[in-house]
Amino acid sequence: MIPSVLPTYSRAPMSFVKGEGSWLIEADGRRFLDLGAGIAVNALGHAHPTLVAALTDQANALWHVSNLYQIPQQQKLADMLVELTFADTVFFTNSGTESCELAVKMARKYWYEKGAPERVEIITFEGSFHGRSSAGIAAAGSEKMTKGFGPLLGGFKHLPWNDHEALTAAITDQTAAIMIEPVQGEGGIRPLPDQCLKGLRDLCDEHGILLILDEVQCGVGRTGKLFAHEWAGIEPDIMNVAKGIGGGFPLGAVLATENAASGMTAGTHGSTYGGNPLGCAVGCAVLETVAEPDFLADVSRRAGALRQSLEGLIAQHPDVFESVRGAGLMLGLKCKATNMDIVNAGYDNEVITVPAAENVIRLLPALNITEDDISEAAKRLSAAASQIEKA
Ligand SMILES: *Cc1c(COP(=O)(O)O)cnc(C)c1O
């Protein structure tokens, strides 16, 4: 009999009733160190007092009004994002998937309005993830996501990761945009080298193509800059944001330059919930904290400490772990043992990590994880590895 919850996930047995900082707690009091943060969502950990206050204050005042009216919290968050980034304008969504959808629509509409309606093609990359909508799965293109779901949305060209020649060869006079994650998340924590991101920007400029960066997972302070592309010193035309921006409340955004957004006039796009007062009140509180230079410097410091302890872990357990990769607090441990076995051994030792492609386990802890919790993480991961070695 089909479960009452549609069985599209194979779930671990833990069931949490409370969260505190980097800890998740079950009803019987069992405490798990959370290095997954809901897949890079709980940017400030669980139950951060500032976010709880922002949400409850807003909940007591007003939940929902519709985008037919002014929404001051949305205006404030958009102003902050415009102030802090390359963007001139922002559309709010409820998820990363919806942000990717709009980015695709926006790029195509841009060319349509420029009198080049044939420019609909969007170049994407192997191993990428852009959500589970029809456009999202077509954009990523992997059989795992697309098989059985009927005709795919057309107009995507999938290229190998990190192959400059394939890229230059793929560009035609129908290319509308290139869409890429500066650090692939689901694809196994694969950072695009700064040089490649710069090269992509140059290539886009040369051909007048729009550069869309999907920073749904790597954005909002995760790499130690507010957005990952800042490390390369370049700016996109369009950027997808979600996950961390809501700190656990469903919130996403598409950020764009005035030029890239020029086709999106009244009536061309919309959302019932996108940019609602609750999400935006929380988003403002997240951004006010994360965008502080001191906070971002702390992320880099914590990332250094975590990375160093992971290097130690690899040295201690060379048959279980192979190498560490990633940027900031978006780290991947490439495994020699099967990644899911290590994730499960982690559960036995009350530490939570997240599997990814390429036999990697992901560490995406809260950006404010404490030094003590970083030391504890290394201990628990080491215990998990020992368990694998003995098995
Ligand atoms: C998670 C993710 C998405 C999809 O976001 P949802 O909120 O699950 O819809 C899109 N792109 C990237 C890079 C992601 O990591």
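If you're wondering where the values come from, they're calculated on a predicted model, not measured in any experiment.

Parameters and conventions
- Residues numbered from 1 in each chain as written.
- Predicted model: local features only at pLDDT ≥ 70, side-chain atom pairs only at ≥ 80, totals over all residues.
- Heavy atoms only, no water.
- Domains from an automatic or database assignment.
- Contact = heavy atoms within 4.5 Å.
- Salt bridge = Lys/Arg side-chain N within 4 Å of Asp/Glu carboxyl O.
- Polar contact = N/O pair within 3.5 Å; in protein donor to acceptor, adjacent residues only side chain to side chain.
- Helix = DSSP H or I, 4+ residues; strand = E, 2+ residues; numbered from the N terminus.
- Nonpolar A, V, L, I, M, F, W, Y, C, P; charged D, E, K, R; others polar.
- 1 Å grid on protein atoms, 1.4 Å probe; cavity = no way out; pocket = protein on both sides within 12 Å on 5 of 7 lines; lining within 4 Å.
- Points joined across faces, edges and corners; volume = space filled by probe spheres on them.
- Core = buried A, V, L, I, M, F, W, Y, C linked by side-chain atoms within 4.5 Å.
- Buried < 20%, exposed > 50% of the residue type's maximum accessible area, 1.4 Å probe, protein only.
- Pairing = 2+ DSSP bridges.
- Axes fitted to C-alpha atoms, helices over the stretch in contact; angles between N-to-C directions.

A. Spatial organisation of the domain arrangement of the chain. In terms of domains, the chain is made up of domain 1 (50–290) and domain 2 (298–363 + 380–391). A straight line from the C-alpha centre of domain 1 to that of domain 2 covers 29 Å. Taken together, the contacts link 16 residues of domain 1 with 15 residues of domain 2. Our enumeration of links across domain 1 and domain 2 arrives at 2 salt bridges. We note a salt bridge from Glu-186 to Arg-362, for which the minimum N-O separation is 2.9 Å. For the interface between domain 1 and domain 2, the tally reads 7 residue pairs in polar contact (both at pLDDT 80 or more). Of all the secondary-structure elements, those providing two or more residues to the side of domain 1 that touches domain 2 are strand S8 (183–184) and strand S9 (190–191). Looking at side-chain class alone, the side of domain 1 that touches domain 2 contains 5 nonpolar, 8 polar and 3 charged residues.

B. Inspection of empty space enclosed by the protein at higher detail. According to the stated counting rule, one finds 2 cavities of 30 Å³ or more in the structure shown. Contributing to the lining of the largest cavity are Phe-125, Asn-162, Asp-163, His-164, Leu-167, Ile-180, Leu-192, Cys-196, Gly-199 and Leu-200. For the lining of the largest cavity, the elements supplying multiple residues, two or more each, are helix H7 (164–170) and helix H8 (194–207). Ranked by the residues each element gives to the lining of the largest cavity, the list is headed by H8, at 3 residues.

C. Here's a closer look at the nonpolar core. Counting residues in each nonpolar core, the largest one holds 64 residues, and the members touching the most others are Phe-92, Leu-255, Val-290, Leu-310, Phe-321, Leu-333 and Leu-363. Among the elements that make up this core, the one with the highest residue count is helix H10 (residues 293–316) (8 residues). When residues are assigned to domains, this core turns out to be shared by domain 1 (50–290) and domain 2 (298–363 + 380–391), each giving three or more. Not counting the four nearest positions on each side in its chain, Leu-363 is found in contact with Leu-35, Leu-306, Leu-310, Leu-329, Met-330, Leu-331, Leu-333, Thr-353 and Leu-381. Grouped together as the second largest cluster of nonpolar side chains are 22 residues, Leu-102, Ala-103, Trp-111 and Met-179 included.

D. Quick look at the pattern of salt bridges. Here the structure, examined in full by the defined rule, presents 13 salt bridges. Linking Glu-376 and Arg-380 is a salt bridge whose minimum nitrogen-to-oxygen distance equals 2.9 Å. Here the residue Glu-376 and the residue Arg-380 both occupy positions in helix H12 (residues 371–390), the gap between them amounting to 4 residues, near one helical turn. Several salt bridges share partner residues, and in doing so they unite Arg-190, Arg-325 and Glu-358 into one network.

E. Seen up close, unusual backbone geometry. Within the chain, Ile-39 stands out as a residue other than glycine whose phi angle is a positive 60 degrees. Summarising the element assignment, Ile-39 is placed in helix H1 (residues 37–40). Taking the relative accessible area as the measure of exposure, Ile-39 reaches 32% and is therefore partly exposed. One non-glycine residue, Ala-47, adopts positive backbone phi at about 55 degrees. By secondary structure assignment, the location of Ala-47 is in the loop between H1 and helix H2 (49–61).

F. Summary view of the sheet that holds strand S11 (residues 238–241). Read from one edge to the other, the open sheet built from 7 strands follows the order S4-S12-S11-S10-S7-S5-S6, with strand pairing classed as mixed. Edge positions in the sheet fall to strand S4 (89–93) and strand S6 (156–159), since each has one partner strand and no second. The sheet shows a mean angle of 20 degrees between the axes of neighbouring strands, taken without regard to direction. Here strand S10 (residues 210–214) pairs with S11 via 3 bridges, running parallel. Bridge pairing links Ile-212 to Ile-238 in S11.

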